Amino acid sequence: MSPSRPEDSPLGQGAPRQAVLFADYSRGWGGGQHWHLSMAKGLHARGWPVALLAHRQGELARRGREAGLIVWPMRLGAHTLADPWHLYKIFQRILDLHPLAVICNSATELKTAGLAARMAQVPQIIPRRGIPQPLRNSLFNRLALQYLATRLITNSQATLDAMYAGNPTLVAALRPRVQHNGVDPAQWPAPPPRAPSGRIVVVGRLTAEKGVERAISAMPRVLDQAPRAELHLWGDGEERPALERLAASLSVDHAVYFHGATQDVRAALLSADLLV
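These remarks concern the structure in this document. Since the structure is predicted, the reported quantities are computational estimates derived from the model, not experimental observations.

1. As for the sheet that holds strand 8 (residues 199–203)
Pairing is parallel across the open sheet formed by four strands, whose spatial order is 10-9-8-11. Whereas interior strands pair on both sides, the edge strands pair on one side only; in this sheet they are strand 10 (256–260) and strand 11 (274–275). Of the strand pairs in this sheet, strand 9 (residues 230–234) and strand 10 are connected by four bridges, and their pairing is parallel. Within the sheet, the bridge partner assigned to L231 lies in strand 10 and is V256.

Next up, the structure:
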């Protein structure tokens with residue numbers, strides 16, 4: 001599948017479609033990686049050439065290969081910005097692909113793959129933000145938004161509002177678009193009726209921005225009202241040891257269950273009486 005050159009691809013009806021590159025350096029798996037893979041698979045199924053620029057030991061690279069997508073596995077991270085050789089390799093691959101757009105998972109990808117894409121004169125360089133927190137107002141981030149990004153995608157209005165709070169002028173200039181995460185309802189039939197068991201479920205990475213400590217901190221009051229209640233946490237991350245200590249310090253560790261990461265999110269959600 002060879003991507004076409006811009007002059008050959010007006011993107012009209014029946015015209016060859018240019019490629020789209022998704023850049024995500026995360027080694028783990030979360031909502032952002034799911035979004036990038038789902039979008040890449042969806043475009044690929046509709047005839048768009050797509051590629052994934054991903055960490056070579058990351059879950060995204062593995063699942064992308066299983067899906068039959070073009071994957072560029074590299075040793076990537078925040079250090080890539082200070083590594084001219086890695087930047088040059090990204091630049092060369094972008095030149096070979098000649099994409100219409102590069103979609104970046106975070107500021108790190110924007111400042112590396114986005115920079116290489118700007119050097120390669122890629123028309124659209126689009127960061128995608130999925131966390132309702134302001135982007136850190138550093139000089140590098142401001143320069144990246146001003147000189148590298150051409151548009152902005154967020155997963156919710158709350159995330160967009162947080163971006164505006166951090167730097168409203170730069171964000172407004174990018175003509176941001178809210179693109180909600182889609183769900184195929186055919187994959188979620190109604191579960192059979194069952195008696196409530198007091199099972200509270202959280203699904204997500206155990207990282208600071210997810211706020212899982214709030215659910216644990218609420219458990220003493222929950223147990224006062226519902227002694228049989230249980231909090232089940234599906235996901236993993238660097239905050240897990242601190243969250244386990246928090247549960248123990250509140251004497252609710254007997255009712256808080258850390259299950260780790262799961263690939264069967266549907267089963268975890270269907271087990272819940274209350275989803276947080």
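2. Section: the packing of aromatic side chains
Within the structure shown, the criterion is met by two aromatic pairs. Aromatic pair F22 and W35: ring centres 6.4 Å apart, planes at 70 degrees, arrangement edge-to-face. Here W35 lies in helix 1 (residues 31–45) and F22 lies in strand 1 (residues 20–24), a separation of 13 residues in the sequence. Each member of the pair, F22 as well as W35, is classed as buried. Relative to Y88, the ring of W85 has its centre 5.9 Å away and its plane inclined at 25 degrees; by these criteria the two rings are stacked. Taken together, the positions of W85 and Y88, both in helix 3 (residues 84–97) and three residues apart, correspond to about one turn of that helix. Under the relative-accessibility criterion, Y88 is labelled partly exposed at 42%. Sitting above the plane of the W29 ring, R63 keeps its charged end 3.8 Å from the centroid.

3. A word on the sheet that holds strand 7 (residues 177–178)
In space, the seven strands of this open sheet follow the order 3-2-1-4-5-6-7, with parallel pairing throughout. Looking along the sheet, the strands with just one partner apiece sit at the ends: strand 3 (70–74) and strand 7. As judged from the four bridges shared by strand 1 and strand 4 (residues 101–104), these two strands associate in the parallel manner. Across the sheet, the residue bridging to L21 is V102, located in strand 4. Seen against the sheet, helix 2 (residues 59–66) touches strand 1, strand 2 (50–55) and strand 3 and runs at an angle of roughly 150 degrees to strand 2.

What counts, and at which threshold
- Residues numbered from 1 in each chain as written.
- Predicted model: local features only at pLDDT ≥ 70, side-chain atom pairs only at ≥ 80, totals over all residues.
- Heavy atoms only, no water.
- Pairing = 2+ DSSP bridges.
- Helix = DSSP H or I, 4+ residues; strand = E, 2+ residues; numbered from the N terminus.
- Phe/Tyr/Trp six-rings, centres within 6.5 Å; stacked < 30°, edge-to-face > 60°.
- Buried < 20%, exposed > 50% of the residue type's maximum accessible area, 1.4 Å probe, protein only.
- Lys NZ or Arg CZ within 6 Å of the ring centre and 35° of its normal.
- Contact = heavy atoms within 4.5 Å.
- Axes fitted to C-alpha atoms, helices over the stretch in contact; angles between N-to-C directions.

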